[in-house]
Structure formats: C-alpha cells, structure tokens
Amino acid sequence: MQQFFATVAWQRDGQDFAGQRYSRAHAWQFDGGLTVPASSSPLSVPLPMSVAANVDPEEALVAATSSCHMLFFLSLAAQRGHVIDDYRDEAVGELSRNGDGKLAMTRIVLRPQVAWAGDAPTPEALAALHHEAHERCYIASSLKADVVVEAP
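Residues numbered from 1 in each chain as written. Predicted model: local features only at pLDDT ≥ 70, side-chain atom pairs only at ≥ 80, totals over all residues. Heavy atoms only, no water.

Q: Report on the overall build of the protein chain, specifying residues and quantitative values.
A: Within the protein chain, the regular secondary structure consists of 3 helices and 8 strands. Its helices and strands in sequence order give the protein chain the pattern β-β-β-α-β-β-β-β-α-α-β, from N to C terminus. If one aligns the C-alpha atoms of the protein chain with their principal axes, the spans along those axes are about 60 × 40 × 30 Å. Burial statistics for the protein chain: of 152 residues in total, 29% are counted as buried. A sequence separation of at least 24 residues applies to 49% of the contacts in the protein chain between residues at least 6 apart. When the accessible surface of the protein chain is split by element, carbon and sulfur atoms take 54% of a total near 9,900 Å². (Helix = DSSP H or I, 4+ residues; strand = E, 2+ residues; numbered from the N terminus. Buried < 20%, exposed > 50% of the residue type's maximum accessible area, 1.4 Å probe, protein only. Contact = heavy atoms within 4.5 Å. Areas by Shrake-Rupley, 256 points an atom, 1.4 Å probe, with all protein chains shown as cover.)

Q: I'd like to hear about the sheet that holds strand 3 (residues 35-38), residue by residue, with values.
A: The strands making up a sheet associate through hydrogen bonds between their backbones, and the pairing can be parallel or antiparallel. Taken in spatial order, the 3 strands make up an open sheet running 1-2-3, and their pairing is antiparallel. One side of each edge strand has no neighbouring strand; the edge strands of this open sheet are strand 1 (6-9) and strand 3. Each neighbouring strand pair of the sheet contributes to a mean axis angle of 20°, computed without reference to strand direction. Looking at chain direction, strand 2 (residues 26-30) and strand 3 are connected through 4 bridges and run antiparallel. By the bridge assignment, tryptophan 28 is partnered in strand 3 with valine 36. (Pairing = 2+ DSSP bridges. Axes fitted to C-alpha atoms, helices over the stretch in contact; angles between N-to-C directions.)

Q: Please provide a residue-by-residue account of the pairing of strand 6 (residues 103-110), values included.
A: Sheet faces and side chains relate simply in a regular strand, where the side chains alternate between the two faces. Note that strand 5 (residues 92-97) and strand 6 share 6 bridges and pair antiparallel. Residue valine 92 lies in a different strand from strand 6, and its bridge partner there is valine 109. In sequence, strand 5 turns back onto strand 6 through a hairpin of 5 residues, with glycine 101 there showing a positive phi of about 80°.

Q: Residues and numbers for the layout of surface pockets, please.
A: Its volume calculated, the largest pocket comes out at about 600 Å³. Contributions of two or more residues to the lining of the largest pocket are made by strand 2, helix 1 (57-79) and helix 3 (138-142). If one sorts the elements of the lining of the largest pocket by residue count, helix 1 sits on top with 9 residues. For the lining of the largest pocket, the class distribution of residues is 17 nonpolar, 2 polar and 1 charged. By volume, the second largest pocket amounts to about 190 Å³. If you go around the second largest pocket, the residues you meet are Leu61, Asn98, Asp100, Lys102, Ala104, Met105, Thr106, Leu143, Lys144, Ala145 and Asp146. For the lining of the second largest pocket, the element with the highest residue contribution is strand 6, accounting for 3 residues. Residue classes in the lining of the second largest pocket are distributed as 5 nonpolar, 2 polar and 4 charged. (1 Å grid on protein atoms, 1.4 Å probe; cavity = no way out; pocket = protein on both sides within 12 Å on 5 of 7 lines; lining within 4 Å. Points joined across faces, edges and corners; volume = space filled by probe spheres on them. Nonpolar A, V, L, I, M, F, W, Y, C, P; charged D, E, K, R; others polar.)

Q: An account of the pattern of salt bridges is needed here, citing residue identities and associated values.
A: Close approach of charged atoms allows side chains with opposite charge to pair. By the definition in use, this model includes 5 salt bridges. For glutamate 132, the salt bridge goes to arginine 80, with nearest N and O atoms at 2.6 Å. Here the residue glutamate 132 occupies a position in helix 2 (residues 123-136), and arginine 80 occupies one in the loop between helix 1 and strand 4 (83-89), the gap between them amounting to 52 residues. With relative accessibility at 43%, the residue arginine 80 sits in the partly exposed group. Where glutamate 94 meets arginine 107, a salt bridge forms, and the shortest distance between an N and an O atom there is 3.7 Å. (Salt bridge = Lys/Arg side-chain N within 4 Å of Asp/Glu carboxyl O.)

Here it is in structure tokens:
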C-alpha cells in the first residue's frame, strides 16, 4: 500500500459564516512544497465568495484523470520505441445527475493530441496504447464516472 498526502487549509478571517457570506478560497499544500490556490467553482458558489482564478475540485479531478492517462501513455509509447514531442489534452468533465439523482462528475472526456518524432504508430497501435493507458490509470479506475478517450 502507498499513501499520498495533501493538506487543505481554509480560514474564516472574520467573515459572516452563519450567513454564508464567507470566501471559499483555500489552499492545497503538497509534500513537495507546492501550494495551489483553490476555491469552489463560481458555478457552485457565486462570486465573490468563490475565486474564479483558483483551481476548483471539479477541474482538479478532470486534470488528475487526464494527467494519469498521459503519464501511462507516455511510458507505454517509450517502451514500444515511439518518441513523442508534444502531448496536449483538452479534457472536459461533465457534472450532472447520476442514477441516484445526485450531482456527480458523470463523464470525463479526454481528447489527447500527440505530436510524434518520426513515424507515428498505426491507428490500431495508437488505439491499443490509449486502451492500455486507460486500463493502467488508477485514477480512472477509482471513479464511477465514465472516462472516454477520444483520440484521433
């Protein structure tokens, strides 16, 4: 078993807590020393109680899913002798009602664009790389949401 840690820190700073007029801005602190400014999404909690410039949990979930897929994809491509110059994913998460009627991240669509140095794999080999990356991605395996890879 491996463990991963994050510290989430928020302070009221004298704001009207009982009246729901407090900032949802907070910080995510990681063991490497990085601190990420976070907030609720302005779609969930209106401005000015949210901070639109900060990362929200929904964005972070989509980014974590995309990042996990990418890291496995890069490793698998390298193992098969392919060289990648650039990888970009314009991933999208969909928040909607699930089968129980609860709001949930129900679908995450990954749209990776890969620039290859030299010959690209065949369409079949590319699909196999994405399939294996998806199967190995423990973030995707942890989610109830459908995770779909739409690779060209």
